[in-house]
Structures are given as C-alpha cells and as structure tokens.
Amino acid sequence: MVIWLDYDRVAMLNRFRQFWTKVITPIATLLLKLGVSADMVTLVGTIGVSAGALIFFPRGQLWIGVVVITCFVFSDLIDGYMARTSGTSSKWGSFLDSTLDRIADGAIYGGLVLYYANSRAGDSTLMAAVTLWALVMGAVTSYARAKAESLGLKASGGLAERADRLVFTLILAFFSDLLNLPILLELVIWYVAAASTITVVQRSLSVRKQVLADPANAGLDTPPAEPKTD
C-alpha cells in the first residue's frame, strides 16, 4: 500500500512538472532569442516578488500582493529551464538563485510582519511577532541544510520545506483577504512558525545522529560537499 502511494505521488509530481514545462517553454525560448540570460530572469523575478510583498502586504491589500507575487514566482521555473536549455547551468547560477530566494522569502514574510504592525490593517502585535519568528525559522531551516552539506553531511527534509511554507502562506493570504476571514492567514502563519521550528530541530538531530554514527569523521577536517538549500 505504501509503495502504491509513493508511486502515485511521484506520477502526479511528474505530470505537474510536464504541464508547467510545456507552459514555460515558449516563454523561455523567446527570452533566450532576445538575448535575456537566466540570471537576469532570476533577478527580475526576485525584484517582482519583493515589490509585490512589500508594496501591497503592509497596506492590507493581500490578495493583490499574492497575485503579483505569483506572476513573478514562475520566473523560478523559467530561469532553471533557460539555464539547462542554453547549457549555462553553473555553480554561480545556483548560488545566485538560492541567495535571491532568501531575499524573496524575507520580503514575503517581512511584508506580512508590516501588515500586522499596521494599526489600520492587521493590527496585531502578537501576529507580527509570530510572523517574524516564522521568517527567522524559515531562514534557519535553509541555513541548517546548507551548513550541514558544507560539512559533508545531510540535513534535508522535515515538516516544512521552503515550497510548502510559501504555497500554504500565499494561498491562505489570498483567501483570507478575498473572503474577509483573517483567521485563515493567522492559522497558516502559526503553522509555518511551529512547523519551521520543528524542521530545524529535526535537521539538527539528523546531523547529530550522522556525526555520532561516524566518530572518525566528526572533526572539521571532513571534506566539504557543495552546499544546497531547500
């Protein structure tokens, strides 16, 4: 039964990727013909996401902000396809993409912090603090994986990876504003804050377990591996 579920999930994800690949292919092809680089698309996408979050969220215009952010989020798919198609995939591109992802994440949750700090919008010191905690734990989640892999260890997985956090937050922010049900956004932010904290603990325990299982390689002279983020 477990095998069937895993297979079904993989098949579903493959169909999802195939669908969006077909959608972005003509856009990516056109951009390459125009001489636009994958790095440029990555940068513009980050600027768009950050602008959408920091301009509209603090004003309480959540659904508009989500729409703007969603339009630019697809750049994350397009730039990867462009890099693979043009043969320009590189460590620099990977580094830039991961670094700018952290900026985009910070803008999204930072915009929500400002939303709750706005007395005419969210007006909740408690939720501003919880959102800030979710932002910090999200950043630590990614850092934990990068640091572990730089030491030749693994720290992936967990209760709340980056894609999960963003998708849940943006969807609930959209409907929270559209349906005038602020409780929806509050619930998802509490969840992200708690799940991110648990994920950091899970990854820390995983790294500790790996170190204890191989004492011979517990020193800092362990050959480093190329770090990644979630």
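## Remarks on the overall build of the protein chain
Right, on to step 1. Each helix and strand in the protein chain was counted, giving eight helices and zero strands.
Right, on to step 2. Shown N-terminal to C-terminal, the secondary structure of the protein chain runs as helices and strands in the order α-α-α-α-α-α-α-α.
Right, on to step 3. Buried positions account for 34% of the 230 residues belonging to the protein chain.
Right, on to step 4. Only carbon and sulfur atoms are counted for the fraction: they give 68% of the accessible area of the protein chain, which is about 13500 Å².

## Remarks on the nonpolar core
Right, on to step 1. The biggest cluster of nonpolar side chains holds 26 residues, and the ones touching the most others in it are F57, I69, I108, L112, Y116, L185 and I189.
Right, on to step 2. At the level of elements, α2 (38–56), α3 (62–73), α5 (91–117), α6 (125–150), α7 (162–178) and α8 (182–213) are the ones that each hand at least two residues to this core.
Right, on to step 3. The element contributing the most residues to this core is α5, with eight residues.

## Some thoughts on helix α4 (residues 75–86)
Think of an α-helix as 3.6 residues a turn; residues three or four steps apart then line up on the same face.
Right, on to step 1. With 12 residues, α4 should reach 16 Å at 1.5 Å per residue; the first-to-last C-alpha distance of 16 Å fits that figure.
Right, on to step 2. Along α4, the residues classified as buried are S75, I78, D79, Y81, M82 and A83.
Right, on to step 3. Among the residues trailing α4, G87 stands out with phi positive, at a value near 70°.

## Points about the packing of aromatic side chains
Right, on to step 1. The final tally for this structure, using the stated rule, is five aromatic pairs.
Right, on to step 2. Centroid distance F168 to Y191: 6.0 Å. Interplanar angle 70°. Geometry classified as edge-to-face. Placement of the pair is F168 in helix α7 and Y191 in helix α8, with a sequence separation of 23 residues.
Right, on to step 3. Exposure remark for F168: the relative accessible area of 37% places this residue in the partly exposed category.
Right, on to step 4. With a relative accessible area of 36%, Y191 lands in the partly exposed category.

## So, the environment of L31
Right, on to step 1. Relative to the helices and strands, L31 is located in helix α1 (residues 2–33).
Right, on to step 2. L31 sits in the partly exposed class, given a relative accessible area of 22%.
Right, on to step 3. Through-space distance from the C-alpha of L31 to that of M82 is 8.4 Å; in sequence the pair is 51 residues apart.
Right, on to step 4. Excluding anything up to four places from it in sequence, L31 contacts V36, V41, I78 and M82.

## A word on the environment of A28
Right, on to step 1. The residue A28 is located in helix α1 in this model.
Right, on to step 2. Separated by 54 residues in sequence, A28 and M82 have C-alpha atoms that sit 5.8 Å apart.
Right, on to step 3. In contact with A28, not counting residues within four places along its chain, are I78, Y81 and M82.

## Focus: α6
Right, on to step 1. With 26 residues, α6 should cover 38 Å at 1.5 Å per step; its first-to-last C-alpha distance of 37 Å lies within 8% of that length.
Right, on to step 2. Once α6 ends, the next one or two residues include G152, with phi positive near 80°.

About the criteria used
- Residues numbered from 1 in each chain as written.
- Predicted model: local features only at pLDDT ≥ 70, side-chain atom pairs only at ≥ 80, totals over all residues.
- Heavy atoms only, no water.
- Helix = DSSP H or I, 4+ residues; strand = E, 2+ residues; numbered from the N terminus.
- Buried < 20%, exposed > 50% of the residue type's maximum accessible area, 1.4 Å probe, protein only.
- Areas by Shrake-Rupley, 256 points an atom, 1.4 Å probe, with all protein chains shown as cover.
- Core = buried A, V, L, I, M, F, W, Y, C linked by side-chain atoms within 4.5 Å.
- Expected span 1.5 Å × (residues − 1).
- Phe/Tyr/Trp six-rings, centres within 6.5 Å; stacked < 30°, edge-to-face > 60°.
- Contact = heavy atoms within 4.5 Å.

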